[in-house]
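What follows is the residue order along each chain.
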Number of protein chains: 2
Amino acid sequence: MTENNNNTKNRILETAEALFAQKGYHAVSVREITMAAKCNMAAVNYHFNSKKNLYMEVFRTQWVPRELRMYESFSKELSKIEPHSPNLVIQALASAYLEGPLTNEELKRHRQLIIREINNPTEVIEYVADHTMRPLYRILQQHLKPFFPEHSNEESFTLDILSIFGILLYFNYSRPMITHITGEKYDNAFKTRLITHLVRFSLNGLGANGKDMQ
Amino acid sequence: MTENNNNTKNRILETAEALFAQKGYHAVSVREITMAAKCNMAAVNYHFNSKKNLYMEVFRTQWVPRELRMYESFSKELSKIEPHSPNLVIQALASAYLEGPLTNEELKRHRQLIIREINNPTEVIEYVADHTMRPLYRILQQHLKPFFPEHSNEESFTLDILSIFGILLYFNYSRPMITHITGEKYDNAFKTRLITHLVRFSLNGLGANGKDMQ
DNA sequence: ATTTGTTTCAAACAAATGTTTGAATGTCAA
DNA sequence: TTGACATTCAAACATTTGTTTGAAACAAAT
C-alpha cells in the first residue's frame, strides 16, 4: 500500500521540487508537474491534498533532510581537522554551500528553492528556519565564537554570520546577473576562484585577517 | 491627450510597481492592479498593451530613473567630501542603499522589485543591467580602485564589489527571515546598527582594515 | 474467485486568468 | 455646436487555473 505507488508520490515530489525551484510556485501549474512526472493530474490532490501542501511537503520531506545531510558532511569535514581555525571553518562552509556532496544541478535547485522561499515566505519558512537555519547558526557560533571574543554583544556576531550567508546565497541567486555583468561563464574553474574569493572576503569581513588565524 | 489621462497611466504604473514588488509578477492579477488603481480593467491593455509590457514599463519609466536618482545623490554625497577614503565610499553606498532619499516604504519596494527580477530574470534585466548596475559598478571602481592596487586582475576586484552588493541586497530581501532568526525588530535603530555593521564588514572584506584608510 | 482497499485515470467542475470588444463618455480644436 | 479623437467602461471572450468526481485498474488477503 505504501511501497508501490510511493513511486508516483516520489516522482511528483522530485519533479515538483525541480520545477518550483526553477520557476517559482505560481509559475508552475499542477498540470505541468504531473506531465513531467508522467502521472495523472489528480495524483497531486490524491497524494498531497493540494498544490500548496505539495509545496510544503517538498520542504519537509526533501529539502530539509537534504540540507541536514549537508550539515553532517560539513560537521564531519570540520571534525576531521582539529584544531579549527576560522579559515578552515569558512572554507568548509563555502565548499559545502557551493560544492557539497550534491551534483551541480541538485545544488543549484536546492539553493534556488530556499532563495525563493526566503524571498516569498510562506508558512513553511518557520519549519525550515527551526530545523535548518537555526541549528546551522549554532554550529557556526560554536566553532567561530571562541576566536572572536571581542564580539561582546550577540548581535554583532549574528550580523557577521548573516552577512556571510548573504554573500553565499547572493552568488547563487544572482548567477545569471553575475555572468551578465562579469561576462564570465559560471563553470567549475570560476566556481573554484569564487570560493577562494568568498573565503577571503568573509574572513576579512569577520576581522580575522590581521591575526594568525589562517 | 497625454496630460489628462496620464493620471490613470501613472496610477497604474505606481500601483503595479508596488504590487509586483510585494507579491511578484505571477501572484498579481490585472484585476488586482486596476482595482487598487481605481480604474477599469481594460486600461492596462489600452495603455500598455499587455500585463508583461506593463511590468517592463515599470522598470523603464519608474525603477531605472529612481535608481539613477539614487546614484546622483550618492555621487553628490561623495563629491562633497574630498579626498575619499574607502570607508566614506562604502558608508555612502550603504546609506544610499538602506536609507537614501526615499521613504522606508519606497526603498523597500524599490529593492524588493529588483531582487525579484534578479531572481527571476525576464528580458528587461538586460536593460536594467546596462542602465544602472554597470554604471554603478564603474562609479565604485573609479572611487575604490586607487586604494587597492594589489588587485592586479580585474576579476578579483569585481568579486569584491559584487560581494558588497550581495550583502546589501541580502539584508533587504531576507528581512522577514532575519527578524525571525534574530528576533529583533527591523526598526530604524536596528537599521542604523546594521549600516555600521555592513560598512565595517564590507571594508574588512575588501581588505582595508589594517591600513589607515578609515 | 471474491472481497477489500488503494491507486490511477479521463472527464468535468467552478473559479480565475489576460485580453478583446463596442458602446459610452470625455476632451478640445475648428 | 460639430467633428475627430482619446479615454473609460461593463460585458464577454477564450484559456488556464486548482480541484473534484466516479468509474476503472490494480494489489493482496480471504
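Everything in this summary refers to the structure shown in the same document. (Residues numbered from 1 in each chain as written. Chains lettered and ligands numbered in written order. Predicted model: local features only at pLDDT ≥ 70, side-chain atom pairs only at ≥ 80, totals over all residues. Heavy atoms only, no water.)

Examining the relation of the copies chain B and chain A
Turning to step 1, where the next piece is worked out: Under the fitted operation, chain B is carried onto chain A by 0.0 Å of movement along the axis and a turn of 180 degrees, and the coordinates agree to an RMSD of 0.0 Å. Classification of the inter-copy transformation places it as that of a two-fold axis. Considering only C-alpha atoms, the residue of chain B closest to the rotation axis is Gly-205 of chain B, which sits at 2.0 Å. (Least-squares fit on C-alpha atoms with pLDDT ≥ 70 in both.)

Remarks on the interface of chain B and chain A
Turning to step 1, where the next piece is worked out: With 52 residues of chain B at the interface, the matching set in chain A holds 52 residues.
Turning to step 2, where the next piece is worked out: Here chain B packs against chain A, burying approximately 4,300 Å² in sum over the two surfaces, 63% of which is carbon and sulfur.
Turning to step 3, where the next piece is worked out: It is Asn-119, Tyr-173 and Phe-201 of chain B in chain B that bury the most area against chain A; as a group they hold 15% of the surface buried on that side.
Turning to step 4, where the next piece is worked out: Where chain B touches chain A, the interface holds 4 salt bridges.
Turning to step 5, where the next piece is worked out: Here Arg-193 of chain A ties to Glu-155 of chain B by a salt bridge, and the two come within 2.4 Å at their closest N and O atoms.
Turning to step 6, where the next piece is worked out: Counting across the chain B and chain A interface gives 16 residue pairs in polar contact (both at pLDDT 80 or more). (Contact = heavy atoms within 4.5 Å. Buried area = accessible area lost by both parts, 1.4 Å probe. Salt bridge = Lys/Arg side-chain N within 4 Å of Asp/Glu carboxyl O. Polar contact = N/O pair within 3.5 Å; in protein donor to acceptor, adjacent residues only side chain to side chain.)

Section: the packing of helix H6 (residues 104-119) of chain B against helix H8 (residues 154-173) of chain B
All names here are of chain B.
Turning to step 1, where the next piece is worked out: Packing of H6 against H8 leaves a shortest axis separation of 10 Å and a crossing angle of 110 degrees. What the angle tells us is that H6 and H8 run roughly perpendicular. The residues of H8 that touch H6, namely those facing Arg-111, Ile-115 and Ile-118, are Leu-169, Asn-172 and Tyr-173.
Turning to step 2, where the next piece is worked out: Residues that form the contact of H6 with H8 fall into these classes: 4 nonpolar, 1 polar and 1 charged. (Axes fitted to C-alpha atoms, helices over the stretch in contact; angles between N-to-C directions. Helix = DSSP H or I, 4+ residues; strand = E, 2+ residues; numbered from the N terminus. Parallel < 35°, antiparallel > 145°, perpendicular 65-115°, else oblique. Nonpolar A, V, L, I, M, F, W, Y, C, P; charged D, E, K, R; others polar.)

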